[in-house]
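Letter by letter, the chains look like this.
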Amino acid sequence: MLELLLMERVMARELEVGYVPPAVITLTINNSRPIELGAFVRAFTSIAKEYQDSVDDSPDFEGVAEIYVKEVRSGSIIADLWPVVASTVPIIAGHAEQVFLAVEFVEKWKDRITKLAAGIVPENFSRSDLKTFSGAVEAIARDPEASSTLEVATFEDGRRKIKAAFKFRANEAKAVERTIEGEYQRLEAERDDTHLRVLMIFTRSDIGDAPKDKRSGERVVIPQISDKDLPIMYASDLAEQRVKHEIREADDNIYKKGFSVDVSVLYRNSRPIVYRILSVHEVVDLPDEE
């Protein structure tokens, strides 16, 4: 905690009036239409997050990275961003190191947007990354004449020297959005996980037949998997017949019985949404609640 406070104080000192950073990252948005405020903000927050992630991923450096907006100029939206990196030893990264990190960041930004525009999801891309780059391209995708340029420059002998730059246009931004939407859909797709001989208890039953592999309207709890009751479907006629026999013909209350079943759990976003009954091994009486 003390180290973090020290870093913050050093950052504040470095950003005093008159300070010239080793590298300046400039974001330029050439727009022909007004930009919705949320999309405008997300264009900046996506850069800030990706810059921090880029520093975090660097094998040679460990520190706290921040992006500061120094100036937003009129006309097209042109923002000078000051990247500042603080570490424990040294307290502030050296000038050459900060330039390297800024250049590496822009190159990584270029690589990721280029891949997404080509329909390729970068390796190990997380949901958080999808959100970051969705925000990064949103303002450009909404304007058919828009483009965005991200570049990093240094100032040597008073002259601005561009070290790395990347530009993308509306058609590429739209392609990025399509790729991200497709990846979201893939992640939303249901996955299954099979459990053998688990105890299933009904919370809602139905004497009617259910179409195979369609939700039956019945709900059960399988404590070994989740405390929440979920709908079921039957994977086989035999499994359904065994359960329906207990519902229709047995003298005992179905809610006082437990079923030992093999079940396939269907998930969405790591959340179980339905139980698919594969087979029924045994029906047992549940102990009376005291």
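Scroll up to find the structure.
In this convention, every chain numbers its residues from 1, walking through the sequence in written order. Only residues with pLDDT of at least 70 get local features here, since the model is predicted, and only at 80 or more are side-chain atom pairs given and counted; chain-wide, interface and lining totals rely on the full set of residues. The side-chain quantities take in all heavy atoms of the structure and omit both hydrogens and water.

## Considerations on the nonpolar core
Definition of nonpolar core: a set of buried residues of the types Ala, Val, Leu, Ile, Met, Phe, Trp, Tyr and Cys, connected through side-chain atoms within 4.5 Å. Burial status follows relative accessibility: with a 1.4 Å probe on protein chains alone, a residue under 20% of its type maximum counts as buried, one over 50% as exposed, and anything between as partly exposed. The biggest cluster of nonpolar side chains holds 38 residues, and the ones touching the most others in it are Ile25, Leu81, Phe105, Trp109, Leu150 and Phe168. Working definition: helices are DSSP H or I runs of at least four residues, strands are E runs of at least two. Numbering for both runs from the N terminus. Secondary structure elements with two or more residues in this core: strand 1 (24–30), helix 2 (37–57), strand 3 (77–87), helix 3 (95–117), helix 4 (127–141), strand 4 (147–156), strand 5 (159–169) and helix 5 (170–188). Among the elements that line this core, the one with the most residues is helix 3, at eight residues. Dropping the residues within four chain positions of it, Phe105 is found in contact with Ile25, Ile47, Glu50, Tyr51, Ser54 and Leu150. If you look at the next biggest cluster of nonpolar residues, it comprises 21 residues, including Phe202, Leu230, Val263 and Ile277. Contacts are residue-level and defined by heavy atoms, with any inter-residue pair within 4.5 Å sufficient.

## Section: the packing of helix 2 against helix 4
Close contact between helix 2 and helix 4 brings their axes to 7 Å; oriented N to C, the two are set at 140 degrees. As the angle between them shows, helix 2 and helix 4 are arranged oblique. Handedness of the helix 2/helix 4 crossing: left-handed. Contact with helix 2, carried on its side by Ala39, Arg42, Ala43, Ser46, Lys49, Glu50 and Asp53, involves Ser128, Asp129, Thr132, Phe133, Gly135, Ala136, Glu138 and Ala139 of helix 4 and no other residues of that element. When residue character is reported, Ala, Val, Leu, Ile, Met, Phe, Trp, Tyr, Cys and Pro are called nonpolar, Asp, Glu, Lys and Arg charged, and the others, Gly included, polar. Taken together, the residues that form the contact of helix 2 with helix 4 break down as five nonpolar, four polar and six charged. Fitting a line to C-alpha atoms yields each axis, with helices limited to the stretch in contact; the angle taken between N-to-C directions then spans 0 to 180 degrees. Roughly parallel here means an angle under 35 degrees, roughly antiparallel means over 145, roughly perpendicular means 65 to 115, and every remaining angle is called oblique. Handedness of a crossing follows from how the near helix is turned relative to the far one, being left-handed for an anticlockwise turn of less than a right angle and right-handed for a clockwise one.

## Quick word on helix 6 (residues 237–248)
For helix 6, which comprises twelve residues, the first-to-last C-alpha distance of 16 Å matches the rise-based estimate of 16 Å (1.5 Å per residue) to within 8%. Taken residue by residue, helix 6 has Ala239, Glu240, Val243, Lys244, Glu246 and Ile247 as its buried positions. Projection of helix 6 onto a plane perpendicular to its axis shows the buried side chains occupying an angular sector of 155 degrees, all on one side. Set apart from the buried face of helix 6 by more than 90 degrees, the exposed residues are Leu238 and Gln241. Each residue after the first adds 1.5 Å to the expected span of a helix. As used here, the arc is the angular range of directions from the helix axis to the C-beta atoms.

## Thoughts on unusual backbone geometry
The backbone of Asn124 shows a phi angle near 60 degrees, a positive value even though the residue is not glycine. If you trace the backbone, Asn124 turns up in the loop between helix 3 and helix 4. In the Ramachandran plot, Arg197 falls in the positive-phi region, its phi being about 50 degrees despite a non-glycine side chain. Relative to the helices and strands, Arg197 resides in strand 6 (residues 191–204).

## A few points about the side chain of His195
Along the chain, His195 falls in strand 6. Separated by 3.4 Å, the side chains of His195 and Asp193 make a polar contact. If sequence neighbours within four positions are ignored, His195 has contacts with Gln224, Ile225, Val261, Asp262, Val263, Val265 and Tyr267. In protein, a polar contact means a hydrogen-donor-capable atom and an acceptor-capable atom, both N or O and within 3.5 Å, with residues adjacent in sequence counting only if both atoms are side-chain atoms; elsewhere, any N or O pair within 3.5 Å suffices.

## Things to note about the packing of aromatic side chains
Working definition: rings of Phe, Tyr and Trp (its six-membered ring) pair if their centres are within 6.5 Å, and the pair is stacked with planes under 30 degrees apart, edge-to-face with planes over 60 apart, and tilted otherwise. In the structure shown here, the tally under the stated rule is seven aromatic pairs. Look at Phe105 and Trp109: their rings are 5.9 Å apart centre to centre, the planes differ by 55 degrees, and that puts the pair in the tilted class. Within this pair, Phe105 and its partner Trp109 are both found in helix 3, separated by four residues, close to a single helical turn. Note on accessibility: Phe105 and Trp109 belong to one class, buried. Aromatic rings pair up to connect Tyr51, Phe105, Trp109, Phe125 and Phe133 into one cluster.

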